[in-house]
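The lines below spell out each chain.
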Amino acid sequence: MNIWKFRDRSLDLDKGPYVMGILNVTPDSFSDGGKFNNVDSALFHAEQMIKDGAKIIDVGGESTRPGFTQISDKEEISRITPVITKIAEQFDVAISVDTYKSAVAEAALIAGAHIVNDIHGFRYDPKIAAVTAKYGAGAVLMANFSDKPEDVNALSYEKKCFDASLSLMKDNGIDIDYVLLDPGIGFGTTREEDIALIRSMEISNRMLLGASRKRIVAALLNRETVASERIAGSVGIALAGVSLGAKVVRVHDVKETVDALNVYTGILNY
């Protein structure tokens, strides 16, 4: 049995795939910055994503787009905790916090989050793994290529990142049942590297793919696009990822992705 545990909840990964809906409560995210950065609009969007089939709502308070500006823990906490608190009060859904900072993660977990989604896979803040363990939270540990030397192969660097993250996981007493791995599409990678990473989903049976509306979509379409023009392409990447082994896909466009996955799996399982 391939189970993902997080606090008092769990998902049977063999019965997926599952969709994680992105909720950016930021003024400057690359795709939807400023659209949901107040509690009412964020709550409305979360409700719609849940109705559309999202099993997890991933709340982020700091943009991590290329060239992003880091904000203080205090500001990030002030953005996310009111939203997480309201979602936890009003909806029966798993909540993830998209942060790499231990203080932010702890505030989110106190507010009602179940999962820590760390773009540095516990490798940036030495305290975040202990915070995750303290609350019995789940984790998404991402490979990050922002510091990868140019002459190093992406797949070997991905393994190096995952090995380091899993070592930190074990050192803090976190069982593998609480963890998913994310290949880190678009975080310091080229188009060729992104494709290789997506095609290597078999590296683990606990993979999450987050490629929604990213530049890899425009690259594969072979034309310039803004993020809102990448919906169909993002669905295509989600389907490819699932076919290659992804158990969870993290997306902006929940309804379109859920519909496509339902048709895809319906045909295969008919």
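Before any of the text, the structure's been laid out above.
Residues numbered from 1 in each chain as written. Predicted model: local features only at pLDDT ≥ 70, side-chain atom pairs only at ≥ 80, totals over all residues. Heavy atoms only, no water.

### Quick look at the sheet that holds strand β3 (residues 18-24)
Here comes step 1: Strand order in the open sheet formed by eight strands is β8-β7-β6-β5-β4-β3-β10-β9, with parallel pairing between adjacent strands. In this open sheet, the two strands that pair with only one neighbour each are β8 (179-182) and β9 (208-209). (Pairing = 2+ DSSP bridges. Helix = DSSP H or I, 4+ residues; strand = E, 2+ residues; numbered from the N terminus.)

### What to know about the packing of aromatic side chains
Here comes step 1: One pass over the structure, following the stated rule, counts three aromatic pairs.
Here comes step 2: Ring plane angle 85 degrees and centroid distance 4.8 Å describe the contact between Y100 and Y124, whose orientation is recorded as edge-to-face. Taken as a pair, Y100 in the loop between β5 (94-98) and α3 (102-111) and Y124 in the loop between β6 (115-118) and α4 (128-134) lie far apart in primary sequence, 24 residues in all.
Here comes step 3: On the accessibility criterion, Y124 (44% relative accessible area) is partly exposed.
Here comes step 4: With centroids separated by 5.7 Å and ring planes inclined at 45 degrees, the aromatic side chains of F145 and Y157 adopt a geometry described as tilted. Placement of the pair is F145 in the loop between β7 (138-142) and α5 (154-171) and Y157 in helix α5, with a sequence separation of twelve residues.
Here comes step 5: Using a relative accessible area of 1% as the deciding quantity, one classes F145 as buried. (Phe/Tyr/Trp six-rings, centres within 6.5 Å; stacked < 30°, edge-to-face > 60°. Buried < 20%, exposed > 50% of the residue type's maximum accessible area, 1.4 Å probe, protein only.)

### Considerations on the nonpolar core
Here comes step 1: Formed by 62 residues in total, the largest nonpolar core has its most connected members in L23, I57, V59, I84, I87 and L209.
Here comes step 2: Counting residues per element, this core draws most heavily on α5, which supplies six residues.
Here comes step 3: Not counting the four nearest positions on each side in its chain, I87 is found in contact with L23, L43, A46, I57, V59, V93 and I95.
Here comes step 4: If you look at the next biggest cluster of nonpolar residues, it comprises 13 residues, including F6, M20, I115 and V248. (Core = buried A, V, L, I, M, F, W, Y, C linked by side-chain atoms within 4.5 Å. Contact = heavy atoms within 4.5 Å.)

### Description of the environment of E75
Here comes step 1: Structurally, E75 can be placed in helix α2 (residues 73-90).
Here comes step 2: A relative accessible area of 35% means that E75 is categorised as partly exposed.
Here comes step 3: Considered as a pair, E75 and E62 are 13 residues apart in the sequence and their alpha carbons are 9.0 Å apart.

### Description of the environment of L181
Here comes step 1: Tracing the backbone through its elements, the reader meets L181 in strand β8.
Here comes step 2: Classification of L181 as buried rests on a relative accessible area of 6%.
Here comes step 3: Linking L181 and V254, residues 73 residues apart in sequence, is a C-alpha distance of 21 Å.

### What to know about the pattern of salt bridges
Here comes step 1: Per the stated rule, a full pass over the model turns up 15 salt bridges.
Here comes step 2: Of the charged contacts, one joins E76 and K101 as a salt bridge, the two residues approaching to 2.8 Å between their closest N and O atoms. Within this pair, whereas E76 is found in helix α2, its partner K101 is found in the loop between β5 and α3, the two being separated by 25 residues in sequence.
Here comes step 3: Under the relative-accessibility criterion, K101 is labelled buried at 4%.
Here comes step 4: In this structure, the salt-bridge partner of E192 is R191, at a minimum N-O distance of 3.5 Å.
Here comes step 5: Residues joined in a network through salt bridges with shared partners are D8, R9 and D92. (Salt bridge = Lys/Arg side-chain N within 4 Å of Asp/Glu carboxyl O.)

### Remarks on the packing of helix α1 (residues 39-52) against α2
How two helices pack is summed up by the angle between their axes together with the distance between the axes.
Here comes step 1: Running from amino to carboxyl end, α1 crosses α2 at an angle of 45 degrees, the nearest separation of the two axes being 10 Å. Overall, the two elements α1 and α2 adopt an arrangement that is oblique. In the packing of α1 onto α2, the handedness of the crossing is right-handed. Mapping the contact onto sequence places V39, A42, L43 and A46 in α1 and P82, V83, K86, I87 and Q90 in α2.
Here comes step 2: When the residues that make up the contact of α1 with α2 are grouped by side-chain class, the tally is seven nonpolar, one polar and one charged. (Axes fitted to C-alpha atoms, helices over the stretch in contact; angles between N-to-C directions. Parallel < 35°, antiparallel > 145°, perpendicular 65-115°, else oblique. Left-handed = near helix turned anticlockwise from the far one by under 90°. Nonpolar A, V, L, I, M, F, W, Y, C, P; charged D, E, K, R; others polar.)

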